[in-house]
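Commentary on secondary and tertiary structure
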Amino acid sequence: MTPASNNEIAQTFDASLGMLARLALAVMVGFLSAVLFAGWYSDKHGKLPTILAGCISMMVGLIIFGSASSFNLLIFASFLMGLGGGFSESTCMALIADLYNESRRTAMANLSQAAFGVGAVISPLAIGWLLKLGISFRIGYFGTALICAISAAIAFSALSMRCETTRIESYINTRWQELIVDSFVLMLAFGIMLYVGAEIGQSQWLAVYFKHGLNAKRELAACSLSFMWFGILTGRIAGALASRIVSEIALIRLCLVLAALSQSALLLITGSPIFGLVFAFLFGFFLGPVFPTIVSCASGAYPLRSGTVTSIVVAAGALGAAIFPPAIGWAADFVGLKTALWTCIAILSIDAGMFAAMRSVCRR
């Protein structure tokens, strides 16, 4: 929602790219503040309470963002939205890992994140549609808050059934401190940190790049994110199918390389929004399977501590999102956005090299 609204936020609040970067940073600070606690708590007390807390926090943040009259309120609202994501996203992924095993787990992780992609496709399209109708982008935040309220009601209903069983015995086997220093978990965490840095680094500034780098109209610029996220959605569906015939690490390697090539093509074209949309889609398509497949590897390594190990890996992703997108925005104020976005290609290349050095099969 926010990346698609960046051009309008900048105009409404007279914000520079560096100021917009503070919004991205606030989201990730909120995410990091919650995600590790959420993983520990969900393993001990169940995953539904943290999912419910995440829905409520996100709903409140969206309402504040949509009605904010100052930029500082936007930052606070972004923090609350990030806090909600920290409570809910990794916990939902861990819950899926509890329900499925091996290749089925990887397939379902990709399909669940494809559902995430549906929302990410709809939001920028909704912003572009509102702008075309001459309606304020703020309405999009209130509409999304309503969806979060419905999600909170569903989570509360599930929680009230008291059907979830916790896995206290897992605490006898492995302490969370041991997971943090586990070399396999650390490698996956570093890999997902670079991946998320590239994904959010590109998506955070895609609408701005289309408007100023490719001379797209503001409605098309806002919708460019939908093309990227539609690519991610379809890529994750393809990843669910591919996970049945290739190893997880092989799938990750191939996707990272092709994503880096697609983004290079996006930055090399000039003045052509239509070709830009094609390469934005391809970038998303090849990038899509990486996140859920890495998370599947991590949760598969420690199935009895799915909440904790998933939160560690996802927290590393949030760290990448806290570092790279704001850094790109700050650098863009000095060297230009197009030059700054080459950072994403560099970190994707490093990530691909790291996974190329890993063994071909994840631990189960």
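Keep in mind the model is a prediction, meaning the values are calculated, not measured. (Residues numbered from 1 in each chain as written. Predicted model: local features only at pLDDT ≥ 70, side-chain atom pairs only at ≥ 80, totals over all residues. Heavy atoms only, no water.)

1. Quick look at the nonpolar core
Our working rule: Residues grouped as a nonpolar core are buried Ala, Val, Leu, Ile, Met, Phe, Trp, Tyr and Cys residues, joined through side-chain atoms within 4.5 Å. A simple rule labels every residue: compare its accessible area, found with a 1.4 Å probe on the protein chains alone, to the largest value its type can have, and call it buried under 20%, exposed over 50%, or partly exposed in between. Going along the chain from the N terminus, every DSSP run of H or I of four or more residues is numbered as a helix, and every run of E of two or more is numbered as a strand. Contact criterion: two residues are considered in contact whenever any of their non-hydrogen atoms come within 4.5 Å of each other.
With 103 residues, the main nonpolar core has I9, I192, W205, F210 and F355 as its most contacted residues. Considering every element that reaches this core, the biggest residue donor is helix α9 (residues 183-212), with 16 residues. If we ignore the near neighbours within four places in the chain, the residues touching I9 are T2, D14, A15, L20, L23, F65, F71, L74, F137 and Y141. With five residues, the next largest nonpolar core counts I51, L52, C55 and A152 among its residues.

2. Quick look at the environment of S42
As a reminder of what qualifies: Polar contact criterion, stated in full: a pair of N or O atoms within 3.5 Å, where within protein one must be able to donate a hydrogen and the other to accept it, and residues adjacent in sequence count only if both atoms are side-chain atoms.
Structurally, S42 can be placed in helix α2 (residues 17-45). Overall, the relative accessible area of 2% leaves S42 in the buried class. Taking C-alpha positions, S42 is 21 Å from F79, a pair spaced 37 residues apart along the chain. Not counting the four nearest positions on each side in its chain, S42 is found in contact with K47, T50, T91 and G307. A polar contact is formed between the side chain of S42 and the backbone oxygen of G39, at a distance of 3.0 Å.

3. Considering the packing of α2 against helix α4 (residues 71-99)
To keep it simple, the criterion reads: Angular values range over 0 to 180 degrees, each being the angle between N-to-C directions of two axes fitted as lines to C-alpha atoms, with helices fitted over their stretch in contact. Whether a crossing is left-handed or right-handed is set by the direction in which the near helix is turned from the far one by less than a right angle, anticlockwise for left-handed and clockwise for right-handed. Ten residue types, Ala, Val, Leu, Ile, Met, Phe, Trp, Tyr, Cys and Pro, are classed as nonpolar, four, Asp, Glu, Lys and Arg, as charged, and the remainder, Gly among them, as polar.
α4 packs onto α2 with a crossing angle of 30° between their chain directions and a minimal axis gap of 6 Å. When you trace α2 past α4, the crossing you get is right-handed. Residues of the contact of α2 with α4, tallied by class, amount to 17 nonpolar, ten polar and two charged.

4. Observations regarding the packing of aromatic side chains
Given two aromatic rings, their pairing is described by the distance between the two centres and the angle made by the two planes. The line we're drawing: Each Phe, Tyr or Trp ring (for Trp, its six-membered ring) is paired with any other whose centre lies within 6.5 Å, and the angle between the two planes then decides the class: stacked below 30 degrees, edge-to-face above 60, tilted in between.
Under the criterion given, the structure shown has ten aromatic pairs. Look at Y195 and F291: their rings are 6.2 Å apart centre to centre, the planes differ by 35°, and that puts the pair in the tilted class. With a gap of 96 residues between them, Y195 in helix α9 and F291 in helix α13 (residues 290-301) connect regions that are remote in the sequence. Of the two residues, Y195 and F291, neither departs from the other in class, the shared state being buried.

5. Some words on helix α14 (residues 306-335)
Keep this limit in mind: Helix span is expected to be 1.5 Å times the residue number reduced by one.
With 30 residues, α14 should cover 44 Å at 1.5 Å per step; its first-to-last C-alpha distance of 42 Å lies within 8% of that length. In terms of residue burial, α14 counts as a mostly covered element, since 22 of its 30 residues are buried. Phi turns positive one or two residues past the end of α14, at G336, with a value near 95°.

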